[in-house]
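Okay, here's what each chain looks like letter by letter:
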Amino acid sequence: MKRITLAAVDYGFAFGTDRAIRELLAQGRLSAVGCLAFSELWRREYAPLREVVDGGAGHALVGLTLTLTGAFGTPMSPRWQQELGPSFRSPGWFGRRAGFGLLPDEIILEEMAAQIRSFMAHFGAEPQFITLSDGLMRHRALVRLLARSVEAEGLATRPLLIYPQGEGRALRRFSRFALKLGFPLLASGPMLPDPPTEAELQEALRHHFDGLPEMAFVVARPAIIDDRLRRQLPKAELSRRERHFAVLKSLKFFNTLAEKDIFLY
C-alpha cells in the first residue's frame, strides 16, 4: 500500500473553497489542508475547520500555507506595509534577491512570525506542516528565515516542510539541509491534472500517483463555486476547481484509490 498526502492548500481564500475542503476532509478524500492565516476570512473560518477536524477528520494534517507572494490579501506585518507597501511581492522579486543576500531579512521574518502566530492563535494548535507559496521553499535564505521564525514563536515541534516538486540530487541536498535545521521534509508530487472534463480527470487519476515516493504531497484545488469566487477567478480556474471537487468526492475516485492500493495519509 502506498501512502499519499492529498492536500488543498488555500483554506481561507473564499467561502466556496473552504466549504469544499471541509466536506472532502469529512469524507476522507483529503489528507491535509494548508491554511492562509493572513487572510481576513481565516479569522471567521478557522472554527468550522476545527469542528471538522475534531469531529472525525483527525487523520488530516493541518498546516500553514505561508504566503509572501501573489495579488490576494494584505501582509500582516506593519513593518512590511510601511517599508514594502500594502501587497505581497512576486516570486521573481524573491528569486532575484535571494541568491545575492539582498532580501530584507527582518521584514520577511516579522511577516512569517505574524502568520505563524495568527494560525496558532485561532486554530489553537501548532501547524503540522508549512509550505511556502509559489515554490519559494527552493530559496535556502527564506528557509533559514522560516527556521528563525519557528524558533522565535516557540513551537514545541518542528513542522514538516513541503519541498516543491523535484527529485534526485536537488531533493536529497535540500533534505539534508532541512534536517540540519531540525525540520523533517515531504516532497511534492505533481498537482492534480486539469483535463477539460470530469471523465478525463477520472481517467488521468488512475495513473497520476504512479511512481510517486511514499507520502508525496499532492495538491488539489477543489471549490464549490460561489459569487465571491466568480468575482475573483477567471472562468478556466473556476472550471478546474469545480472539476477537482466533483471528482474527489465521487465514488469512482474512491474506488480508484482502492484499486491502486493507495491510502490517503
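See the structure printed just above.
Anyway, here's the lowdown on the structure attached to this text. Just so it is clear, the model here is predicted, and its values are computed rather than measured. (Residues numbered from 1 in each chain as written. Predicted model: local features only at pLDDT ≥ 70, side-chain atom pairs only at ≥ 80, totals over all residues. Heavy atoms only, no water.)

1. A few points about a positive patch on the surface
A cluster of basic residues, Arg140, Arg144, Arg169, Arg172, Arg173, Arg176 and Lys180, forms a positive patch on the protein surface. Sorting the residues of the positive patch by element identifies α6 (140-152) and α7 (168-180) as the ones contributing at least two each. Mapped onto the fold, Arg176 is located in helix α7. (Patch = residues over 30% accessible without salt bridge, like charges linked within 9 Å, V, L, I, M, F, W, Y side chains within 5 Å. Areas by Shrake-Rupley, 256 points an atom, 1.4 Å probe, with all protein chains shown as cover. Salt bridge = Lys/Arg side-chain N within 4 Å of Asp/Glu carboxyl O. Lys, Arg positive; Asp, Glu negative; His and termini not counted. Charge placed at Lys NZ, Arg CZ, Asp CG, Glu CD. Helix = DSSP H or I, 4+ residues; strand = E, 2+ residues; numbered from the N terminus.)

2. Topic: the packing of aromatic side chains
Following the criterion strictly, the structure yields twelve aromatic pairs and no others. Residues Phe13 and Phe72 carry aromatic rings whose centres are separated by 4.8 Å and whose planes lie at 70° to one another, so their mutual orientation is edge-to-face. Residue Phe13 is located in the loop between β1 (2-11) and α1 (15-26), and its partner Phe72 is located in the loop between β3 (61-66) and α3 (78-84); the two are separated by 59 residues in the primary sequence. Summarising the aromatic geometry, the rings of Trp80 and Phe88 are spaced 5.9 Å apart at their centres and angled 70° between planes, so their arrangement reads as edge-to-face. Given the relative accessible area of 0%, Trp80 is considered buried. On the accessibility criterion, Phe88 (6% relative accessible area) is buried. An aromatic cluster of at least three residues, connected via ring pairs, comprises Tyr11, Trp42, Tyr46, Phe119 and Phe123. A cation over a ring is seen here: Arg50 above Phe123, with NZ or CZ 4.2 Å from the ring centre. Its end group placed over the ring of Phe177, Arg140 keeps NZ or CZ at 4.5 Å from the ring centre. (Phe/Tyr/Trp six-rings, centres within 6.5 Å; stacked < 30°, edge-to-face > 60°. Buried < 20%, exposed > 50% of the residue type's maximum accessible area, 1.4 Å probe, protein only. Lys NZ or Arg CZ within 6 Å of the ring centre and 35° of its normal.)

3. What to know about the layout of surface pockets
To locate leftover empty space, one rolls a probe as large as a water molecule over the atoms. When its volume is computed, the largest pocket comes out at roughly 730 Å³. Forming the boundary of the largest pocket are 32 residues, of which Val9, Thr65, Ser133, Asp134 and Arg221 lie nearest the centre. Of all the secondary-structure elements, those providing two or more residues to the lining of the largest pocket are β1, β4 (129-132), β5 (160-163), β7 (217-220) and α10 (235-248). Each residue belonging to the lining of the largest pocket can be placed in one class, and the counts come to 15 nonpolar, ten polar and seven charged. Taken as a whole, the second largest pocket holds about 200 Å³ of empty space. Lining the second largest pocket are 13 residues, with Gly28, Phe254, Leu257, Phe263 and Leu264 sitting closest to its centre. Elements with a contribution of two residues or more to the lining of the second largest pocket: α11 (251-259) and β8 (262-264). (1 Å grid on protein atoms, 1.4 Å probe; cavity = no way out; pocket = protein on both sides within 12 Å on 5 of 7 lines; lining within 4 Å. Points joined across faces, edges and corners; volume = space filled by probe spheres on them. Nonpolar A, V, L, I, M, F, W, Y, C, P; charged D, E, K, R; others polar.)

4. Quick look at the environment of Ala220
Along the chain, the position of Ala220 falls in strand β7. Residue classification places Ala220 among the buried positions, given a relative accessible area of 0%. In sequence terms Ala220 and Pro190 are 30 residues apart; their C-alpha atoms lie 9.7 Å from each other. Not counting chain neighbours up to four residues away, the residues in contact with Ala220 comprise Leu6, Ala7, Ala8, Leu192, His244 and Leu248. (Contact = heavy atoms within 4.5 Å.)

5. Focus on the pairing of β4
What you see with β4 is no split at all: Phe129 and Thr131 on one side and Ile130 and Leu132 on the other are buried throughout. Note that β3 and β4 share three bridges and pair parallel. Pairing of Thr65 across the sheet is with Thr131, part of β4. Direction of pairing for β4 relative to β5: parallel, over a ladder of two bridges. Among the inter-strand pairings, Phe129 is bridged to a residue of β5, identified as Leu160. With α6 bridging β4 and its parallel neighbour β5, the resulting β-α-β unit is right-handed. (Pairing = 2+ DSSP bridges. Right-handed = clockwise from strand over helix to strand, strands pointing away.)

6. Things to note about the packing of α1 against α10
Contact pair α1 / α10: the axes reach a minimum separation of 11 Å and the direction vectors enclose 15°. Our classification of the angle between α1 and α10 gives roughly parallel. Viewed along their axes, α1 and α10 form a crossing whose handedness is left-handed. Note on element contacts: α10 touches α1 through Arg241, Phe245 and Leu248, opposite Thr17, Ala20, Glu23 and Leu24. (Axes fitted to C-alpha atoms, helices over the stretch in contact; angles between N-to-C directions. Parallel < 35°, antiparallel > 145°, perpendicular 65-115°, else oblique. Left-handed = near helix turned anticlockwise from the far one by under 90°.)

7. Here we look at the pairing of β5
Judged by which residues are buried, β5 turns out to be covered on both faces: Leu160 and Ile162 on one side and Leu161 and Tyr163 on the other are all buried. Strand direction decides the pairing type here: β5 and strand β6 (residues 185-187), joined by three bridges, are parallel. Bridge pairing in β6 links Ile162 to Leu186.

8. Describing the pattern of salt bridges
Across all of its chains, the model carries 18 salt bridges by this definition. Put simply, Glu23 and Lys249 hold a salt bridge, and the shortest N to O gap is 2.9 Å. Of the two residues, Glu23 sits in helix α1 while Lys249 sits in the loop between α10 and α11, which places them 226 residues apart along the sequence. With a relative accessible area of 34%, Lys249 lands in the partly exposed category.

The analysis is restricted to geometry; functional conclusions fall outside its scope.
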